[in-house]
Amino acid sequence: MRKNLFVFALLAFVFSFAVNGQEQKRKITPEQRIEFRAKRLSKELLLDEKTSAKFVTLYKEYVAALKAAHPAKPEKKGEPTDAQRIERLQKRYEAQAKIANVNKEYVGKFSKILTAPQVEKVMSANGWQGKNRFAKQQGKKFNNKNAKGAARGKQNVKRDKK
């Protein structure tokens, strides 16, 4: 009986921490997330306090400008017509041009307070970097020879000839 009571108390204790952790994750607002990302980047760039303060405010402006340049997601109402598809493509390309202009503008602004390698890091940290982004972050080279060989119908296994 005591053993069961102890196990129950232990499970309740562990469960209370799990629920408490989930509640804390939900409380982060998008503005706080941007703030955390800006501070993390300033630490990675090894900025002093004065430059870090400038960088954080400029980075927040940059993210807000990028968000404003992105188009609103279209509502899905059945199958789109050909005209709607063409219009959606045109809007997408206009948005890409706006995003490119924002990036060009903020490269100049960031370069006033950061070095060129730091600007590259900031600009590459914002956005999708391809399928090997995680590998680059880990300092590893993305290379999957077996997948390439399998796609061509070849085996990458060396066999000893007797």
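To start, this report covers the structure provided alongside it. Residue numbers restart at each chain and count upward from 1, following the sequence in its written direction. Restriction of local features to residues with pLDDT of at least 70 applies here, the model being predicted, together with a cutoff of 80 or more for giving and counting side-chain atom pairs; totals for whole chains, interfaces and linings are based on all residues. The basis for the side-chain values is all heavy atoms of the structure; hydrogens and waters are excluded.

### So, the nonpolar core
Okay, so step 1: Counting 20 residues, the largest nonpolar core has F55, Y59, Y62, F110, L114 and V122 as its most contacted members.
Okay, so step 2: Working definition: helices are DSSP H or I runs of at least four residues, strands are E runs of at least two. Numbering for both runs from the N terminus. Elements with a minimum of two residues in this core: α2 (30-44), α3 (49-69), α4 (82-111) and α5 (116-125).
Okay, so step 3: When residues in this core are grouped by element, the largest group, eight residues, is from α3.
Okay, so step 4: Contacts were defined at the residue level, with two residues in contact if any of their heavy atoms lie within 4.5 Å. If near-sequence neighbours (up to four positions away) are discounted, F110 is found in contact with F55, L58, Y59, Y62, V119, V122 and M123. Side-chain atoms within 4.5 Å link the members of a nonpolar core, which is a set of buried Ala, Val, Leu, Ile, Met, Phe, Trp, Tyr and Cys residues. Residue burial is assigned from relative accessible area. The probe radius is 1.4 Å, only protein chains are included, and a residue is buried under 20% of its type maximum, exposed over 50%, and partly exposed in between.

### As for α3
Okay, so step 1: A helix is expected to span 1.5 Å for every residue after the first. The end-to-end C-alpha separation of α3 is 30 Å, in line with the 30 Å expected for 21 residues at 1.5 Å each.
Okay, so step 2: Every buried residue of α3 is listed here: T51, S52, F55, V56, L58, Y59, Y62, V63, L66 and A69.
Okay, so step 3: Of the surrounding elements, those touching the buried residues of α3 are α2, α4 and α5.

### Considerations on the packing of α2 against α3
Okay, so step 1: Fitting a line to C-alpha atoms yields each axis, with helices limited to the stretch in contact; the angle taken between N-to-C directions then spans 0 to 180 degrees. The geometry of α2 relative to α3 is characterised by a closest axis approach of 9 Å and an angle of 135 degrees between their N-to-C directions. Taken together, the axes of α2 and α3 lie oblique to each other. Classified by chirality, the crossing of α3 by α2 is right-handed. For the pair formed by α2 and α3, the contact residues are I34, E35, R37, A38, K39, L41 and S42 on the first element and S52, F55, V56, Y59, K60 and V63 on the second.
Okay, so step 2: Basically, the charged four are Asp, Glu, Lys and Arg, the nonpolar ten are Ala, Val, Leu, Ile, Met, Phe, Trp, Tyr, Cys and Pro, and anything else, Gly included, counts as polar. Counted by class, the contact of α2 with α3 contains seven nonpolar, two polar and four charged residues. Angles below 35 degrees are treated as roughly parallel, those above 145 as roughly antiparallel, those between 65 and 115 as roughly perpendicular, and all remaining angles as oblique. Crossings are classed by handedness, with left-handed meaning an anticlockwise turn of the near helix from the far one by less than a right angle and right-handed meaning a clockwise turn.

### Section: the packing of aromatic side chains
Okay, so step 1: Any two rings among Phe, Tyr and Trp, with Trp reduced to its six-membered ring, count as a pair given centres within 6.5 Å; such a pair is stacked if its planes are under 30 degrees apart, edge-to-face if over 60, and tilted if neither. Taken as a whole, this structure holds six aromatic pairs when the rule is applied.
Okay, so step 2: Ring geometry for F55 and F110: centres 5.8 Å apart, planes at 45 degrees, overall tilted. Taken together, the residues span a long stretch of sequence, with F55 in helix α3 and F110 in helix α4 at a distance of 55 residues. The same class applies to F55 and to F110, which are both buried.

### Quick look at the environment of L66
Okay, so step 1: Position of L66 relative to the elements: it lies in helix α3.
Okay, so step 2: You can call L66 buried: its relative accessible area is 10%.
Okay, so step 3: Each C-alpha atom, one on L66 and one on I99, is 6.2 Å from the other, the two residues being 33 residues apart in sequence.

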